[in-house]
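Summary of the model geometry
Given next are the chains, with one letter for each unit.
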Amino acid sequence: MPEKFVVATYSDPDSLLRAVRKLREHSFRIYDVYAPYPIHDLEHAMGLRRTRLPLVTLVAGASALLTAICFQFYAAVLDWPLNVGGKPDNSSLAFVPICFEATVLIGGLSTFVALLFRARLFPGKKERLPALGLTNDKFALVLRKRAGDFDEAKATKLIQATGAEDTREFEGKL
Amino acid sequence: MSVATGYTTTPDTERPRLQLLPPTRWVEEGVSLRQITDDIARPMEARPGKGWWICFALAFAALLNLGGMVTYLIAKGIGLWGLNNSVGWAFDITNFVFWIGIGHAGTLISAILLLFRQQWRTSINRSAEAMTIFAVMCAGLFPAIHMGRPWDAFFIFPYFPNQRGPLWVNFRSPLVWDVVAISTYFTISLFFWFLGMVPDLATLRDRVTGRIKKLIFGVLSLGWNGSYRTWARYEMVSLILAGLATPLVLSVHSIVSMDFATSLVPGWHTTIFPPYFVAGAIYSGFGMVLTLLIITRQTMHLERYITIRHLDKMAKVTMLTGMIVSYAYATEFFSAWYTGNLYERYHFINRATGPYAWCFYLMVLCNVVTPQFLWWKKARTNVAILFVLSIMVNIGMWFERFVIIVVSLHRAFLPSGWGMFYPTRVDVGILVGSFGLFFTLFLLFIRFLPMIAMWEIKSVAATGAHIAAPIGPPEGKQDREEREVAVNA
């Protein structure tokens, strides 16, 4: 079911930041903000929770590390011990570089994939833009019109006081 | 906001931050966001100029030459190279180490300078990262073709199901570490580069008019719409990838150096190799970044974004790493003398006085003498001088690897095993061809993809807009004093 949103566009990030803070002071929930670049301090202003993506890196990296240790031990000690210059089968120091590389590779790739999943980005996805120019030089503040507890008149008034270029209603999926 | 108190005191700032000096501006004041998009997208939208076509024709001819030479090599075998029993590694591994080294500057700029919050990286990181990827591709070519049977190249990876019985690759061998390190480095660099480009690809998707272009940019931009919830996660992931890439880049050339250092050959068997190779890699990489960016800013008219001050910063990094490399050369000679090892000592005497002494002196000229010019601001801010110096750095670093590899091998332990290496036409042809591959890819990149990170430039332009800091020539002592006075007033 398509939802309804109020979309206010700005051409400078400072007014947008002020608007976000103002609306939050009046306990409006910010649905999202659209910007051509990440604006400093906006995540605090919007009250976003810190992302848990680093956990993915930690878990994936740690598992890769463990796998690399076990696999090298299995291959060099259990499966086919090979005498190379009389070195011990379990030359654990020699296994360090591959453990490190595996940690970085799997940790990095998993984080990348997790970002795409979490942000629902994938090749060929149709972009959902609430206004024009958001990837170029415009900024947009989006509020969701939730049935029942959304004071549209008050929101519009607050937005207009902060120097929005344009305020309009958007119906569809975001 | 008031600069006078030293605090940003905008009423709606939640956390006042101590600001001793206002940040330096890296994008001139008054450039609008739209202007930034237009400027950077222009080279992709206009037809390329004559300069681009000439460079492309040369590079593409060299690439075709590479194709021919490699085909010939695979058909006939590596006997076409000038290798012999004494010198079993020569141009192939020299080129490999050279190209891997070139790549390091890209990761340094994109990852390490990101962690250090160096804003000047924003104008150059995209093209430097592209350079990394293309350089690693060139590097990867050499181990593959030097195997003699490149169709069995996949044997170097452990894989399931293991078709060699239970015989695995030897995990104690630095050559196996190398394979893993290089493939990890390539993959992480590629993903980091692509991720950084996604917002810009979305900008282009919303900008281009042609149907095919729109389709391609649409697929590649992954449906990016600039949602801030995504931006917040995106920034975190960039930081994580930078954090992972930082030890990675230091590890890659360390592991490459272990290909030599873990052997017993005099001239290779030294513990100084890992840091020495990393410094050399960054030195040569910055040399190549300077070469490429000087050409690009002139031919693509991007002087507004790649300013003299950017070149100045890069020149300083080049100078610093050049000095570390020079110090390593001196240390090598010192330890050869101090250890009293006969073979080691002979090797270094032979390096400076033997049949390949001219390579050694060329290397010293390019890597020890050249960076000394960069003490002068005149040299660091003069495009022509910098260009010449950067070419010298490239030549010097290629010869450094040649000296390490060939000179060490040609007179190792027993005089009965001594010999000389002379490159053949195929050796030289493949070296030239690898430059063809590199430049063809780079020229296509600056033609079809945003070679400067638009969104990063925009964020830097916007950050600077709050504070009136002086723009102009590189900051000198006087500017700093003036600014300190302004801050303390």
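Throughout, residues of each chain are indexed from 1 in the direction in which the sequence is written. Chains and ligands are labelled by the order in which they are written, letters from A for the one and numbers from 1 for the other. The model is predicted, so local features are restricted to residues of pLDDT at least 70 and side-chain atom pairs to those at 80 or more, both for listing and for counting; the totals for chains, interfaces and linings are taken over all residues.

1. Re the overall build of chain B
Starting at the N terminus, helices and strands are each numbered in turn, a helix being any DSSP run of H or I of at least four residues and a strand any DSSP run of E of at least two. When its secondary structure is counted, chain B shows 16 helices and 0 strands. With C-beta atoms placed from the backbone, a residue is buried if 20 or more other C-beta atoms are within 10 Å of its own, exposed if 12 or fewer are, and partly exposed between those counts. Considering chain B as a whole, with its 489 residues, one finds that 47% of them fall into the buried category. Within chain B, contacts between residues separated by at least 24 positions form 81% of all contacts whose residues are at least 6 apart in sequence. We call two residues in contact when their backbone-placed C-beta atoms lie within 7 Å.

2. As for the overall build of chain A
Regarding its fold elements, chain A presents 5 helices and 4 strands. When its helices and strands are written in sequence order, chain A yields β-α-β-α-α-α-β-α-β. Atoms considered for the radius of gyration are the C-alpha atoms alone. The globule rule reads 2.2 Å times the number of residues to the power 0.38. For 174 residues, the compact-globule estimate of 2.2 N^0.38 gives 16 Å, and chain A exceeds it by more than 25% at 25 Å. For chain A, the C-alpha atoms occupy an extent of roughly 80 × 30 × 30 Å along the three principal directions. Residue pairs in contact within chain A that sit at least 24 positions apart in sequence constitute 80% of those at least 6 positions apart.

3. Some points on the packing of helix H4 (residues 125-145) of chain B against helix H5 (residues 174-205) of chain B
All names here are of chain B. Relative orientation of the contacting elements H4 and H5 amounts to 150 degrees, with a least axis distance of 10 Å. One element, H4, and the other, H5, form an angle in the roughly antiparallel class. In this structure, H4 meets H5 at a crossing whose hand is left-handed. In this structure, H4 uses Arg126, Glu129, Ala130, Thr132, Ile133, Val136, Ala139 and Gly140 to contact H5, whose residues at the interface are Ile182, Tyr185, Phe186, Ser189, Leu190, Phe192, Trp193 and Gly196. Here the nonpolar group is Ala, Val, Leu, Ile, Met, Phe, Trp, Tyr, Cys and Pro; Asp, Glu, Lys and Arg are the charged ones; every other residue, Gly included, is treated as polar. Looking at side-chain class alone, the contact of H4 with H5 contains 10 nonpolar, 4 polar and 2 charged residues. Think of each axis as a best-fit line through the C-alpha atoms, taken over the contacting stretch in the case of a helix, with angles from 0 to 180 degrees between the N-to-C directions. Working rule for angles: under 35 degrees goes down as roughly parallel, over 145 as roughly antiparallel, 65 to 115 as roughly perpendicular, anything else as oblique. Note on convention: the crossing is left-handed when the near helix lies turned anticlockwise from the far helix by less than a right angle, right-handed when the turn is clockwise.

4. As for the interface of chain A and chain B
Across the boundary between the two partners, chain A contributes 59 residues, which contact 53 residues of chain B. Among the secondary structure elements, those contributing two or more residues to the side of chain A that touches chain B are helix H1 (13-25), strand E2 (32-34), helix H2 (42-46), helix H3 (53-79) and helix H4 (96-118) of chain A. Within the side of chain A that touches chain B, the residues separate by chemical class into 34 nonpolar, 12 polar and 13 charged.

5. Notes on the nonpolar core
For soluble globular proteins, nonpolar side chains are generally found buried alongside one another. A:Val20, A:Val33, B:Met131 and B:Val289 are the most contacted members of the largest nonpolar core, which has 191 residues in total. The element best represented in this core is helix H7 (residues 228-261) of chain B, accounting for 17 residues. Domain delimitation in this document rests on an assignment produced automatically or drawn from a domain database. Two domains each donate at least three residues to this core, and these are domain 1 (3-50 + 133-172) and domain 2 (53-118) of chain A. In this structure A:Val33 touches A:Leu16, A:Val20, A:Leu42, A:Met46, A:Ala140, A:Leu141 and B:Tyr228, once residues within four positions along its chain are discounted. Linking buried Ala, Val, Leu, Ile, Met, Phe, Trp, Tyr and Cys residues through C-beta atoms within 7 Å yields a set, and such a set is a nonpolar core.

6. A word on helix H13 (residues 383-410) of chain B
For an α-helix, 3.6 residues make a turn, and residues three or four places apart therefore share a direction. Residues and elements named next belong to chain B. Its 28 residues give H13 an end-to-end C-alpha distance of 40 Å, which sits within 8% of 40 Å, the value for a rise of 1.5 Å per residue. The reported bend at a residue is simply the angle between two axes, fitted to the 7 residues ending at it and to the 7 residues beginning with it. At Val403, H13 shows its maximal bend, which comes to roughly 25 degrees. H13 sits mainly inside the fold: 20 of its 28 residues count as buried. Any helix carries an expected span of 1.5 Å times its number of residues minus one.

7. Considerations on the environment of B:Leu386
Structurally, B:Leu386 can be placed in helix H13. In the structure, B:Leu386 is positioned 95 residues away from B:Thr291 in sequence and 8.3 Å away in space, judged by C-alpha atoms.

8. Overview of helix H5 (residues 152-161) of chain A
Counting buried residues along H5(A), only 1 of its 10 residues qualify, which leaves the element largely exposed. A:Gly163 lies just past H5(A) and shows a positive phi near 85 degrees.

9. Thoughts on unusual backbone geometry
Of note, the phi angle at A:Arg120 is positive, near 50 degrees, even though the residue is not glycine. Relative to the helices and strands, A:Arg120 is located in the loop between H4 and strand E3 (139-144). For B:Arg117, which is not a glycine, the phi torsion comes out positive at approximately 55 degrees. If you trace the backbone, B:Arg117 turns up in the loop between helix H3 (91-115) and H4.

10. So, the pairing of strand E1 (residues 3-10) of chain A
All names here are of chain A. Within E1, 6 of the 8 residues are buried, which leaves the element mostly enclosed by the surrounding structure. Pairing between E1 and strand E4 (residues 166-172): 7 bridges, direction antiparallel. Bridge pairing in E4 places Val6 opposite Glu169. For two strands to be treated as a pair, DSSP must find at least two bridges joining them.

11. A word on the sheet that holds E4(A)
Residue and element names in this part refer to chain A. Within the open sheet, the 4 strands sit side by side as E2-E3-E1-E4. Their pairing is antiparallel. Strands at the two margins of the open sheet, each flanked by one partner only, are E2 and E4. Pairs of neighbouring strands in the sheet enclose a mean axial angle of 25 degrees, with direction left out of account.

12. Focus on the environment of B:Asn95
Residue and element names in this part refer to chain B. With respect to the helices, strands and loops of the structure, Asn95 is situated in helix H3. Of the residues examined, Asn95 has 24 C-beta atoms within 10 Å and is grouped as buried. Counting along the chain gives 340 residues from Asn95 to Phe435, while the straight-line C-alpha distance between them is 10 Å. Ignoring any residue separated from it by four or fewer positions in sequence, one finds Asn95 in contact with Phe142, Leu431 and Ser434.

13. Some points on the confidence of the model for chain B
Residues and elements named next belong to chain B. The predictor's confidence in any single residue is recorded as pLDDT, a number from 0 to 100. On average, residues of chain B score 86 in pLDDT, and 90% of them reach the 70 mark or higher. Contacts of residues 1-10 to residues separated by more than four positions or lying in other chains number 22 contacts, the stretch itself having pLDDT below 50. Below a pLDDT of 50 lies the segment residues 465-480, which in the model reaches 19 contacts outside its immediate sequence neighbourhood of four places, other chains included. Model confidence for the complex: the whole-complex pTM is 0.88, and ipTM, which rates the interface, is 0.93.

14. Describing the packing of H5(B) against H7(B)
For any two helices packed against each other, one specifies the inter-axial angle together with the distance between the axes. All names here are of chain B. Where H5 contacts H7, the axes come no closer than 9 Å and their chain directions differ by 150 degrees. As judged from the angle between their axes, H5 and H7 are roughly antiparallel. For H5 against H7, the interelement crossing comes out left-handed. Two secondary-structure elements touch here, H5 through Pro174, Leu175, Trp177, Asp178, Ala181, Ile182, Thr184, Tyr185, Ile188, Phe192 and Leu195 and H7 through Val237, Ser238, Leu241, Leu244, Ala245, Leu248, Ser251, Val252, Ile255, Val256, Met258 and Asp259. The class makeup of the residues in the contact of H5 with H7 is 18 nonpolar, 3 polar and 2 charged.

15. Here's the deal with the environment of B:Trp177
Note on placement: B:Trp177 falls in helix H5. Taking C-alpha positions, B:Trp177 is 30 Å from B:Phe445, a pair spaced 268 residues apart along the chain. If sequence neighbours within four positions are ignored, B:Trp177 has contacts with A:Pro97, A:Ile98, B:Ile255 and B:Met258.

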